[in-house]
Amino acid sequence: MPVAGLVLTLADDTPASLMAALAHTPGISLGEPCGARLPVVLEAESPQALDAVLYELGARPGVLLVELAFAELSDLEPLTDYEQPRRERSHVGGDDGPT
């Protein structure tokens, strides 16, 4: 199960309803706020679900910034060659073509 440690930066006028909604969101554990910053632990069923929640958190009114402090994905099955992203080599240097 993917786990992420986040720090949310909240606006000064963040509504109390946001804190209540976050506290009742499945998979989210809130830490003690420190000024405008709120530590959050997020557990998700898959990396895709983790990514979706990260974007959803950033879109909430009152959330100015979502910072990823750590991500733990070690319990996932390794990717097959087919599933791994392909990387292109960048052209570095002179005019001799790709390196």
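Before reading on, note that the structure itself is shown above.
Let me sum up the structure you'll find in this document. (Residues numbered from 1 in each chain as written. Predicted model: local features only at pLDDT ≥ 70, side-chain atom pairs only at ≥ 80, totals over all residues. Heavy atoms only, no water.)

Bringing the sheet that holds strand 2 (residues 28–30) into the picture now. With antiparallel pairing, four strands are arranged side by side in an open sheet as 2-3-1-4. Two strands close off the open sheet at either side, each with one partner strand: strand 2 and strand 4 (63–72). Here the average twist between neighbouring strands, direction ignored, is 25°. Relative to strand 3 (residues 37–43), strand 1 (residues 3–10) is paired through seven bridges, and the arrangement is antiparallel. The residue bridging glycine 5 from the neighbouring strand is valine 41, located in strand 3. Helix 2 (residues 47–59) contacts strand 1, strand 2, strand 3 and strand 4 of the sheet and is inclined by roughly 155° relative to strand 4. (Pairing = 2+ DSSP bridges. Helix = DSSP H or I, 4+ residues; strand = E, 2+ residues; numbered from the N terminus. Axes fitted to C-alpha atoms, helices over the stretch in contact; angles between N-to-C directions. Contact = heavy atoms within 4.5 Å.)

Relative to the assigned elements, glycine 62 resides in the loop between helix 2 and strand 4. When the C-alpha positions of glycine 62 and methionine 19 are compared, they lie 9.8 Å apart, and in sequence the two are 43 residues distant. Setting aside anything within four residues of it in sequence, one finds glycine 62 in contact with Thr9, Leu10, Ala11, Thr14 and Leu18.

Turning our attention to the environment of methionine 1. Turning to its location among the elements, methionine 1 is positioned in the segment before strand 1. Taking the C-alpha atoms as reference, methionine 1 lies 8.4 Å from proline 47; in sequence the two are 46 residues apart. Ignoring any residue separated from it by four or fewer positions in sequence, one finds methionine 1 in contact with Glu43, Ala44, Glu45, Glu72 and Asp75.

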